[in-house]
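# Structure at a glance
Below are the chains, spelled out letter by letter.
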Amino acid sequence: MNRTTLSLIAGTTALAAVTGFAALSQPGTPGTDTAAKAAAQLPVERTSLLCPAPSTSDLAETSYTSFTPVTKGTESGGKAELRAATEESGDSPADGEDEGTGKDGGKSGEDKPAKPVLTPEEPGKPVTGDSSGGDAPALVGTADGRFAPGWTVQETTEVAAGTGRGLQGVNCTAPDTDFWFPGASTEADRTDYVHLTNPDDSAAVVDIELYGKDGALKSAVGEGITVQPHSSEPVLLSTLTDERQTDLTVHVNVRSGRVGAAVQALDDKLGGDWLAASTDPSGSLVLPGIPKDATSVRLVAFTPGDADADLKVRLASPSGLITPAGHETVHVKGGMTTAVDLGDVTRGEAGSLVLSPTDRSVPVVAALRVVRGKGDKQETAFIPAARPVGTRATSADNSGKGSTLSLTAPGAAATVKVTASAGSEGGTPVSKTYTIKAGTTQDIEPPAPSGLKGTYALTVEPVSGGPVYGARTLAASEGGVPAFTVQTLPDDRGTVAVPEADEDLSVLQK
């Protein structure tokens, strides 16, 4: 059986898990158009999210925010909950029980059920939880029924001092089998971990491949890493190679099972943040939401194949697409990581980076390392290439101040509706419509629910026009350091195409 067939079967299994039935069509497959017309967009029935262990710092303060948008067509039942990943490796558990994080004590090797950390009560209203210190575990979450469509969980950590100090944020991710992380590093000032979390009842086997400026780095210890069921494994990149590389691309490939993956990139001088996976390799990419006061922007790109990629670099500014002086194009050698310093490319205005092929299209992954501040008051965040908003995108953990919503329409103009949910402790939802001109980026101070108490969620829904890309920035001042974190806003996976029951899936049997 070839790899394509295996991938199709894996995809069908994953879709069946959340919908009970789903259709697949290969490009050029007879009947594809008919199947697409027959398919209906229905709410997903079950989904899962994985949150990495937030920090090892005793000074860490972490908050979790869970939110499910109200979705038409869902049943009245269901639930959502986040539980601590079970400790099944040889690590000794901490003494006692921390009810705030759901961490269980017990003997090493035991698989004891963890108490829920968060249990949302109703769609449309966020629920929050928090933990302190460096013992908070990774979390495994499931949602079904009316809580499943668009379920989003944000993990935000404040670290007052030390390596990685500042604001770190990550959207908890769905399990998958393939991840690309351009922008990691093994240089002396960096401490980068790949966090692998397994939600399933059987062990997952993972390969971690590293690619530097000259190509693949040799690493036997990165092959065949076992992640035990319902557990999480942080892997320090510097233990996989002896080479010091300023810019690395990390490829997480799951041989068996599935995992959630994210890179925690911590810097001794520039703070740190989570690096989320880039969207799948593509000839054209959009990296949305560069803060307008960014003092340094570094592009890291990688093409997985043997062919080189020549990319046109443009900035979608508030006034339109412009070409950064001196950085009109970037050449990415096949199988090698390329980095380009773009400086203060936004020059005080909102911006998003748009990469497109100059000639033939070659699949590429990319991310930005963004720095705010100067001198010893600098802080870092990462922006990976993102998928478009799609049907709807959701962003949790917004407060009355410090949140910026950045929307980009790299092609045709687009109109979007932005809705602020009720607050976690009170408030009435509000909606507002925005028009994003073609080729521009618009920074929006998002609407807040009237009578807001606590935190709230934002949903973005395209109304008309071309594709929209989005990102949300959280900012806070930490001892004079402009702390911040950026999360992109891809489709929240609220619906799935379900065809008629008599659709032919014989392609899977070939």
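Refer to the structure above for everything that follows.
Okay, so let's go over this structure. (Residues numbered from 1 in each chain as written. Predicted model: local features only at pLDDT ≥ 70, side-chain atom pairs only at ≥ 80, totals over all residues. Heavy atoms only, no water.)

### Here's the deal with the overall build of the chain
Looking only at helices and strands, the chain features two helices and 38 strands. Looking at the chain as a whole, 52% of its 510 residues qualify as buried. When contacts within the chain are restricted to residue pairs at least 6 apart in sequence, long-range pairs at least 24 apart make up 80% of them. Accessible surface, the chain as shown: approximately 21,600 Å² in total, 48% of it carbon and sulfur. (Helix = DSSP H or I, 4+ residues; strand = E, 2+ residues; numbered from the N terminus. Buried < 20%, exposed > 50% of the residue type's maximum accessible area, 1.4 Å probe, protein only. Contact = heavy atoms within 4.5 Å. Areas by Shrake-Rupley, 256 points an atom, 1.4 Å probe, with all protein chains shown as cover.)

### Some words on the pairing of strand β7 (residues 139-144)
With six bridges connecting them, strand β2 (residues 46-51) and β7 associate as antiparallel partners. By the bridge assignment for β7, threonine 47 is matched with alanine 143. Where strand β4 (residues 80-84) and β7 come together, five bridges link them in antiparallel fashion. Opposite glutamate 81, over in β7, you have threonine 142 as the bridge partner. (Pairing = 2+ DSSP bridges.)

### Structural notes on the sheet that holds strand β32 (residues 430-436)
Ordered in space as β28-β35-β30-β32, the four strands form an open sheet in which the pairing is antiparallel. Among the strands making up the open sheet, the edge pair consists of β28 (393-398) and β32. Within the sheet, the average angular offset between the axes of one strand and its neighbour, ignoring direction, is 25°. With seven bridges joining them, strand β30 (residues 414-420) and strand β35 (residues 456-465) adopt antiparallel strand pairing. Bridge pairing links alanine 414 to glycine 465 in β35. (Axes fitted to C-alpha atoms, helices over the stretch in contact; angles between N-to-C directions.)

### Considering empty space enclosed by the protein
One pass over the full model with this rule turns up three cavities of 30 Å³ or more. For the second largest cavity, the calculated volume is near 60 Å³. In terms of lining, the second largest cavity is formed by Leu50, Cys51, Pro52, Val170, Asn171, Thr173, His195, Thr197, Gly260, Ala261 and Ala262. Taken together, the elements giving at least two residues each to the lining of the second largest cavity come down to β2, β9 (166-171), β11 (190-198) and β17 (260-267). For the lining of the second largest cavity, the element with the highest residue contribution is β17, accounting for three residues. Partitioning the lining of the second largest cavity into residue classes produces six nonpolar, five polar and no charged. (1 Å grid on protein atoms, 1.4 Å probe; cavity = no way out; pocket = protein on both sides within 12 Å on 5 of 7 lines; lining within 4 Å. Points joined across faces, edges and corners; volume = space filled by probe spheres on them. Nonpolar A, V, L, I, M, F, W, Y, C, P; charged D, E, K, R; others polar.)

### With respect to the environment of proline 52
With respect to the element layout, proline 52 can be found in the loop between β2 and β3 (60-67). A sequence separation of 211 residues divides proline 52 from valine 263, and the C-alpha atoms of the two residues are 9.2 Å apart. In contact with proline 52, not counting residues within four places along its chain, are Ala138, Glu155, Val170, His195 and Trp274.

### Describing the packing of aromatic side chains
Applying the stated criterion to the full structure yields four aromatic pairs. The interplanar angle of 10° and the centroid separation of 6.3 Å between the aromatic rings of phenylalanine 179 and phenylalanine 181 together place this pair among those described as stacked. Comparing phenylalanine 179 with phenylalanine 181 shows no difference in burial state: the two are buried. What links up through ring pairs into an aromatic cluster is the set Trp180, Tyr211 and Phe302. In this structure, arginine 372 is placed above the aromatic ring of phenylalanine 484, and the distance from its NZ or CZ to the ring centre is 5.2 Å. (Phe/Tyr/Trp six-rings, centres within 6.5 Å; stacked < 30°, edge-to-face > 60°. Lys NZ or Arg CZ within 6 Å of the ring centre and 35° of its normal.)

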